[in-house]
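# An overview of the molecular structure
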Amino acid sequence: MPFVITVLRDLGTGVGLLGRGLALVLGNRRLLVRGALPALLTSVLLFAGLTALALFADDLVTWATPFADDWSQTWRTVLRIGAGISLVVGAVALSLLLFAALTLIVGAPFYESIAEEVEDRELGGVPSAQQIGWGRSAWIGLRDGVLLVLRALVWAVVLFALGFIPVLGQTVVPVLAVCVGAWLLTIEMTAIPFVRRGASLRDRRRALRGRRALTLGFGIPVYLLCLIPFAALLVFPAAMAGGTLLAHRVSGGAPAGRR
């Protein structure tokens, strides 16, 4: 029972960190504008991609399941609904990761300034914080984004296969897909504050893994809100501010090992 209470408390705390990030950017118009500009361009691309997927999802599922053509109508429908759901949630997870990676690369100086301002105002600064710069930040964002997208592709294949299982594919798989997508998205969203502390991708994953419920409590609402067209214009700067608070909390407020 104490374990359940701890998990629920951490989930609530994670949601609260996003709420604090939202309050920070709404209370400072400069932070909001800085964070929204890079997200505007990539939001258009994301929305266009998801719209195309929605239009052609049925054809893709039918093409991928020719073996079900001779099944009864009921089982063929159940199978293809499950496969369709898995296809959509997997594609959404990949799209959001690509969206986050591109937005962080394009807007690296803006998001670094948001992280720095939040750390100075809310956390009293970070001792020996590294100044990243656009070139290094873009390289880190590209490298980490590729690695995380590759992980997401592996999960997408697994979840797509599980989507063929009746009932499980329509219930458990979508929930698991949201959790996986939220986890990977949070790893990306906390990149800048962790790098400012000298932490590598491995350090970042280890720190977040140590507080899974807290990380998911933050990441799941970010993930779900980013699914709303153009909501990322507000969510992304709020998530950067909240992610900075999250990175501080899971790292104990101290710089990690150098790169």
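A brief report on the enclosed structure follows. Since we're looking at a predicted model, the values are computed, not measured. (Residues numbered from 1 in each chain as written. Predicted model: local features only at pLDDT ≥ 70, side-chain atom pairs only at ≥ 80, totals over all residues. Heavy atoms only, no water.)

To continue, consider the nonpolar core. If you look at the biggest cluster of nonpolar residues, it comprises 56 residues, and the most contacted ones within it are Y111, L184, V222 and F236. Top contributing element to this core by residue count: helix α10 (residues 232-250), with eleven residues. Discounting chain neighbours no more than four positions away, the residues touching V222 are L18, L185, V235 and A239. (Core = buried A, V, L, I, M, F, W, Y, C linked by side-chain atoms within 4.5 Å. Buried < 20%, exposed > 50% of the residue type's maximum accessible area, 1.4 Å probe, protein only. Helix = DSSP H or I, 4+ residues; strand = E, 2+ residues; numbered from the N terminus. Contact = heavy atoms within 4.5 Å.)

Turning next to helix α9 (residues 212-226). Along its 15 residues, α9 runs 20 Å from first to last C-alpha, staying within 8% of the 21 Å computed at 1.5 Å per residue. Among the 15 residues of α9, eleven are classified as buried, and the element is accordingly described as predominantly covered. Taken together, the buried positions of α9 are A213, L214, T215, L216, G217, F218, G219, P221, V222, Y223 and C226. (Expected span 1.5 Å × (residues − 1).)

Moving on to empty space enclosed by the protein. Throughout the structure, instances matching the rule amount to two cavities of 30 Å³ or more. Counted as a void, the largest cavity has a volume near 120 Å³. A101, L104, I132, S137, I140, G141, D144, E188, A191, I192, V195 and R204 together form the lining of the largest cavity. Those elements that provide at least two residues to the lining of the largest cavity are α3 (73-106), α5 (134-162) and α7 (191-196). Of the residues forming the lining of the largest cavity, the biggest block, four residues, is contributed by α5. (1 Å grid on protein atoms, 1.4 Å probe; cavity = no way out; pocket = protein on both sides within 12 Å on 5 of 7 lines; lining within 4 Å. Points joined across faces, edges and corners; volume = space filled by probe spheres on them.)

With that out of the way, let us pick up the packing of aromatic side chains. The geometry of an aromatic ring pair is captured by the separation of the ring centres together with the interplanar angle, meaning the angle of the planes. Per the counting criterion, the structure on display carries two aromatic pairs. Ring-pair connections join several aromatic residues into one group, and the members of that group are F99, Y111 and F236. Across the ring face of W183, the terminal group of R212 is positioned such that the distance to the ring centre comes to 5.6 Å. (Phe/Tyr/Trp six-rings, centres within 6.5 Å; stacked < 30°, edge-to-face > 60°. Lys NZ or Arg CZ within 6 Å of the ring centre and 35° of its normal.)

Of the voids in this model, the largest pocket is the one considered here, and its volume is about 300 Å³. Considering the residues around the largest pocket, the lining is formed by 13 residues, among which W155, V180, W183, L184 and R212 are closest to the centre. Mapped by element, the contributors of at least two residues to the lining of the largest pocket are α5, α6 (168-189), α8 (201-209) and α9. Considering every element that reaches the lining of the largest pocket, the biggest residue donor is α6, with six residues. Classifying every residue of the lining of the largest pocket gives nine nonpolar, no polar and four charged. (Nonpolar A, V, L, I, M, F, W, Y, C, P; charged D, E, K, R; others polar.)

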